[in-house]
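Remarks on the overall topology
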Amino acid sequence: MKKITKLTALVLALILTLSLGMQAFAYTPAQMSSSLEKWLLKNVDPAGAPQDELDIYLDWSVFALSRAGESSLNQAYGAYAEKAAAANADDMDLSDYTRLALTAIAAGQNPRNIGGVNALDEIKKANFKAEAFTAPLAYALITLDSRGYLAITQRLQLINILLDSQRDNGGFNYALKDDGSGFTTDGEVDTTAIVLQALAPYYRYNEKVTEAVKEALVFIRSEILPDGGYGFYGMGSAESTAQVLAALCELKINPLSAPYLSSQGKNMLDALSTYINADGGGRSYDGSSNVMTSYQMLVGVNAYERYENSERTFNNMTDATSGMDMIIATIGRIIFHGIFNSVFK
């Protein structure tokens with residue numbers, strides 16, 4: 001009898017230990033968002049950054065924090081961005097202009113004057129056909145659509161270039177064109193998710209976009225990992241998972257619906273919750289908390305919170321300002337997309 005009691009106690013103890021271990025990773029979206037925000041605030045400092053250097057990680061961190069409603073860094077970031085943009089005005093490319101513009105917009109600042117640089121105009125004047133990579137073009141389209149900025153010709157050009165770059169497997173590759181290296185033949189998850197975010201305002205309205213998105217979603221569904229997340233070469237990635245989560249929310253597709261569950265019934269939030277480290281940051285491939293991982297996770301989680309609460313989508317930044325400016329931007333974006341989608345079907 002004692003042996004049975006000891007064995008039972010051992011089994012119960014093991015079950016309890018495992019369940020506690022599983023619960024340690026079971027964060028709600030709100031808990032993940034709070035954890036990531038706190039970690040980023042401790043590890044990102046606009047005032048302490050070199051004022052004459054562009055900082056990709058700082059820009060995107062402030063962008064993600066601002067969209068999540070955390071504005072405590074915005075004033076210091078604005079001062080930094082003014083100096084950094086002015087110091088690098090003659091040495092920026094499309095990816096710099098889109099990143100600076102999106103962050104300025106999210107932070108409620110003026111993208112038309114960042115240290116004397118009119119990032120919006122630079123995006124509109126860019127030679128899109130000369131770009132070698134896909135993401136800068138996707139972010140250019142996201143920027144123009146963020147508050148309904150007037151740029152009809154540029155939108156059409158960006159949409160067509162992106163659609164033409166879709167690979168045979170339905171996905172999009174980091175390189176616009178296949179260079180024959182073997183790495184650029186097929187679509188991959190991260191870039192596909194970013195392009196889906198860019199095409200989202202035209203999904204269900206423009207026939208070509210709708211068909212391309214449907215094909216891309218078939219590819220996305222084929223890449224789900226057992227833990228409910230995404231990655232590359234079978235290895236999970238918080239960044240990839242967060243990008244797909246943001247893409248589906250931008251498309252107003254329920255990311256927890258059956259088509260996006262793994263063979264084990266897991267979803268993207270299940271997967272992302274396992275990437276929160278003990279210090280609150282997002283776990284990168286090497287196990288450490290990482291700025292890029294953390295801000296991308298925050299983007300994905302906040303995009304889901306917005307979807308769940310029926311709020312404006314993450315990339316619809318008409319809510320980045322308040323009062324009459326928000327009203328004008330909201331009405332302008334609705335009218336512009338209504339006309340654009342009616343004319344260009």
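Residues numbered from 1 in each chain as written. Predicted model: local features only at pLDDT ≥ 70, side-chain atom pairs only at ≥ 80, totals over all residues. Heavy atoms only, no water.

So, on to the overall build of the protein chain. When helices and strands are tallied, the protein chain shows 14 helices and two strands. Against the 2.2 N^0.38 benchmark of 20 Å for 345 residues, the protein chain shows a C-alpha radius of gyration of 21 Å, consistent with a compact globule. For the protein chain, the spread of C-alpha atoms along the principal axes amounts to about 80 × 45 × 45 Å. The long-range share in the protein chain, meaning contacts at least 24 apart out of those at least 6 apart in sequence, stands at 68%. For the protein chain, the exposed area adds up to about 16,300 Å²; of that, 56% sits on carbon and sulfur atoms. Between the centroid of the 27 positive side chains of the protein chain and the centroid of its 38 negative side chains there is a distance of 8 Å. (Helix = DSSP H or I, 4+ residues; strand = E, 2+ residues; numbered from the N terminus. Rg over C-alpha atoms; globule rule 2.2 N^0.38 Å. Contact = heavy atoms within 4.5 Å. Areas by Shrake-Rupley, 256 points an atom, 1.4 Å probe, with all protein chains shown as cover. Lys, Arg positive; Asp, Glu negative; His and termini not counted. Charge placed at Lys NZ, Arg CZ, Asp CG, Glu CD.)

This part takes up the environment of Asn110. Its place among the elements puts Asn110 in the loop between helix H5 (94–106) and helix H6 (119–125). On the accessibility criterion, Asn110 (41% relative accessible area) is partly exposed. (Buried < 20%, exposed > 50% of the residue type's maximum accessible area, 1.4 Å probe, protein only.)

With that settled, the discussion passes to the environment of Gln243. You can see Gln243 is positioned in helix H11 (residues 238–250). Between the C-alpha atoms of Gln243 and Thr191, which are 52 residues apart in sequence, the distance is 8.6 Å. Look past the residues within four positions of Gln243 in its chain and what remains in contact with it is Tyr139, Ala193, Ile194, Gln197 and Gln296.

Turning our eyes to something else, we now look at the packing of aromatic side chains. Applying the stated criterion across every chain, the model contains six aromatic pairs. Here Trp60 and Phe63 contribute two aromatic rings whose centre-to-centre distance is 5.3 Å and whose plane-to-plane angle is 75°, an arrangement assigned as edge-to-face. Here the residue Trp60 and the residue Phe63 both occupy positions in helix H3 (residues 56–67), the gap between them amounting to three residues, near one helical turn. In this arrangement the basic side chain of Arg67 is found over the ring face of Phe314, its NZ or CZ atom lying 5.7 Å from the centre. (Phe/Tyr/Trp six-rings, centres within 6.5 Å; stacked < 30°, edge-to-face > 60°. Lys NZ or Arg CZ within 6 Å of the ring centre and 35° of its normal.)

Our focus in this paragraph is the packing of helix H9 (residues 189–199) against H11. Between H9 and H11, whose axes approach to 8 Å, the crossing angle comes to 25°. Classified by the angle between their axes, H9 and H11 sit roughly parallel to one another. The hand of the H9/H11 crossing is left-handed. Between H9 and H11, the contacting residues are Val189, Asp190, Ala193, Ile194, Leu196 and Gln197 on the first element and Glu239, Ser240, Gln243, Val244, Ala246, Ala247 and Glu250 on the second. Residue classes in the contact of H9 with H11 are distributed as seven nonpolar, three polar and three charged. (Axes fitted to C-alpha atoms, helices over the stretch in contact; angles between N-to-C directions. Parallel < 35°, antiparallel > 145°, perpendicular 65-115°, else oblique. Left-handed = near helix turned anticlockwise from the far one by under 90°. Nonpolar A, V, L, I, M, F, W, Y, C, P; charged D, E, K, R; others polar.)

It is worth spelling out unusual backbone geometry at this point. Residues other than glycine seldom take positive phi values, yet Arg204 does so here, at roughly 80°. With respect to the helices and strands, the residue Arg204 is situated in the loop between H9 and helix H10 (207–222). The backbone of Tyr233 sits at a positive phi, close to 50°, despite the residue not being glycine.

A word on the confidence of the model for the protein chain. Of all residues in the protein chain, 91% have pLDDT values of 70 or greater, and the mean over the chain is 90. Note that pLDDT drops below 50 for residues 1–25; the model gives that stretch two contacts with residues more than four away or on any other chain. (pLDDT = per-residue confidence, 0-100.)

Bringing a nonpolar patch on the surface into the picture now. There is a patch of nonpolar side chains on the surface, built from Phe133, Tyr174, Phe183, Phe232, Tyr233 and Met235 and spanning about 750 Å² of accessible area. Note on Phe232: relative accessible area 40%, which makes it partly exposed. (Patch = residues over 30% accessible without salt bridge, like charges linked within 9 Å, V, L, I, M, F, W, Y side chains within 5 Å. Salt bridge = Lys/Arg side-chain N within 4 Å of Asp/Glu carboxyl O.)

This part covers the side chain of Ser237. Looking at where Ser237 falls in the secondary structure, it is placed in strand S2 (residues 235–237). Among all residues touching Ser237, those that are not within four sequence positions of it are Tyr230, Gly231, Phe232 and Tyr275.

All right, on to helix H8 (residues 152–164) then. Turn by turn, an α-helix covers 3.6 residues, leaving residues three or four places apart pointing in a common direction. In a regular helix each residue adds 1.5 Å, so 13 residues correspond to 18 Å; H8 covers 18 Å between its end C-alpha atoms and thus fits that length. Burial in H8 covers these residues: Gln154, Arg155, Leu158, Ile159, Ile161, Leu162 and Leu163. (Expected span 1.5 Å × (residues − 1).)

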